[in-house]
Amino acid sequence: EPYQRLLEEKGRVRALPYGTITVDEAGATPTDYAALRELGVHWFSDDGVGVDSAAVMRRCLEAAREADVLFACHTEDMNYRQPGASVHDSPVVTSRGWIGIPSACESAQLIRDLKLLKETGGRYHTCHVSAKESVDALREAKAAGQDVTGEVTAHHLLLEDKDVQGPMWKMNPPLRSHEDRMALIEGLESGALDFIANDHAPHTEEEKSQPMDKAPFGIVSLETAFPLLYTEFVKGGRWSLEQLVHWMSTAPARRFGLEDTGDILPGYRADLVLVDENRPGIIDKTTFLSRGKNTPFDKWPTACTIVETVCEGRTVWRDTETEKKGS
């Protein structure tokens with residue numbers, strides 16, 4: 001309510017869905033970071049919308065630095081994206097009649113932001129990185145001492161442009177080449193990227209059943225990310241379980257200043273996911289708690305099964321087989 005009153009006074013509230021403050025996403029006017037920080041807001045994002053104007057972005061970065069808040073940016077220069085574009089700009093998918101989105105659509109704006117950040121200072125995070133060029137830019141910025149971080153999604157670590165079969169594989173940024181996917185994995189392992197995010201985007205079956213150029217971007221991920229990544233990388237022997245937990249929990253909590261979460265320690269919130277590593281499973285979208293069933297991973301086998309989730313010390317979900325066993 002305090003946030004809503006403050007923003008209503010400024011006449012800039014658009015909606016408050018599920019407790020999220022959504023203000024002006026036109027990318028034309030910086031919000032009042034300092035005032036919101038006083039109310040407890042420490043990070044900001046126009047996720048889903050790239051800030052087109054370099055001049056506006058500079059003002060935003062300067063104001064964010066002065067208020068000591070973190071920017072989390074969706075970098076997308078729409079000058080690189082044609083109407084109806086839906087997949088990576090490569091012959092693997094564009095040969096099927098779909099319009100491509102080049103890697104520069106993401107990386108060019110990120111490179112611009114990092115140059116501005118070098119001049120203005122401050123803290124910066126980039127969302128759902130998909131392109132090799134973006135990984136390279138982040139690596140260079142970190143080597144220069146800039147306070148920057150980047151994330152990658154489970155689906156960009158697991159899938160490539162050659163896997164795209166239709167709208168259920170349509171996401172923004174799109175699934176890119178094998179070279180890009182390898183760069184994302186290596187970037188995470190080397191520290192150029194910092195953690196794994198879900199980018200959970202539920203849509204109805206009807207929405208996703210439209211033609212490729214009309215269907216919305218995005219897939220669900222909350223119920224699939226951990227078992228899929230565990231199966232591919234931990235069971236596959238490339239990562240340790242500790243690494244996966246760090247990238248999915250500890251690292252993002254630290255970056256966003258969630259001081260009492262992200263680890264199992266005295267005094268921390270008891271937010272836990274319990275996993276049976278000896279119980280194989282299968283991704284079954286019909287069992288999702290999310291009303292969104294839009295996933296390209298339906299029927300994928302997994303080497304583990306999530307059996308319980310605990311929020312602030314209270315069990316909020318337990319799988320039916322565990323319930324039957326009474327354990």
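Here's what I pulled together on the structure shown here. (Residues numbered from 1 in each chain as written. Predicted model: local features only at pLDDT ≥ 70, side-chain atom pairs only at ≥ 80, totals over all residues. Heavy atoms only, no water.)

1. Some details on the side chain of Asp 77
Right, on to step 1. Its location among the elements puts Asp 77 in the loop between β2 (70–73) and β3 (85–88).
Right, on to step 2. Within polar-contact distance, the side chain of Asp 77 engages the backbone nitrogen of Asn 79 at 2.9 Å.
Right, on to step 3. If sequence neighbours within four positions are ignored, Asp 77 has contacts with Asp 52, Cys 105 and Gln 109. (Helix = DSSP H or I, 4+ residues; strand = E, 2+ residues; numbered from the N terminus. Polar contact = N/O pair within 3.5 Å; in protein donor to acceptor, adjacent residues only side chain to side chain. Contact = heavy atoms within 4.5 Å.)

2. Considering the environment of Ser 177
Right, on to step 1. Tracing the backbone through its elements, the reader meets Ser 177 in the loop between α7 (154–158) and α8 (178–190).
Right, on to step 2. Spatially, the C-alpha atoms of Ser 177 and His 88 are 7.8 Å apart, while their sequence positions differ by 89 residues.
Right, on to step 3. Among all residues touching Ser 177, those that are not within four sequence positions of it are His 88, Glu 160 and Asp 161.

3. Details of the pattern of salt bridges
Right, on to step 1. Inspection of the entire model under this criterion finds 19 salt bridges.
Right, on to step 2. For Arg 37, the salt bridge is made with Asp 68, and the minimal N-O distance between the two is 3.6 Å. Linking Arg 37 in helix α2 (residues 33–38) with Asp 68 in the loop between α3 (54–67) and β2, this pair joins segments that are 31 residues apart in sequence.
Right, on to step 3. Looking at Arg 37, the relative accessible area reads 29%, which means it is partly exposed.
Right, on to step 4. You can call Asp 68 partly exposed: its relative accessible area is 41%.
Right, on to step 5. In this structure, Asp 136 and Arg 139 form a salt bridge, with 3.3 Å as the shortest nitrogen-oxygen distance. (Salt bridge = Lys/Arg side-chain N within 4 Å of Asp/Glu carboxyl O. Buried < 20%, exposed > 50% of the residue type's maximum accessible area, 1.4 Å probe, protein only.)

4. Side note on the sheet that holds β2
Right, on to step 1. Across the sheet, five strands lie side by side as β1-β2-β5-β6-β7; this open sheet has parallel pairing. For this open sheet the edge positions go to β1 (43–45) and β7 (195–197), each flanked by a neighbour on one side alone. On average, adjacent strands in this sheet sit at an angle of 30° to one another, irrespective of strand direction.
Right, on to step 2. Relative to β2, β1 runs parallel, the two being bridged by three bridges. Residue pairing in the sheet places Trp 43 in a bridge with Leu 70 of β2.
Right, on to step 3. The sheet strands contacting helix α5 (residues 104–120) are β2, β5 (123–126) and β6 (147–153), and the helix crosses β5 at an angle near 170°. (Pairing = 2+ DSSP bridges. Axes fitted to C-alpha atoms, helices over the stretch in contact; angles between N-to-C directions.)

5. Here's the deal with the sheet that holds strand β8 (residues 272–276)
Right, on to step 1. The antiparallel open sheet is built from three strands, whose spatial order is β8-β11-β12. Looking at which strands have only one partner, the edges of the open sheet turn out to be β8 and β12 (314–318). Direction aside, neighbouring strands of the sheet carry axes that sit 25° apart on average.
Right, on to step 2. As judged from the four bridges shared by strand β11 (residues 305–311) and β12, these two strands associate in the antiparallel manner. Paired with Thr 309 across the two strands is Trp 317, which belongs to β12.

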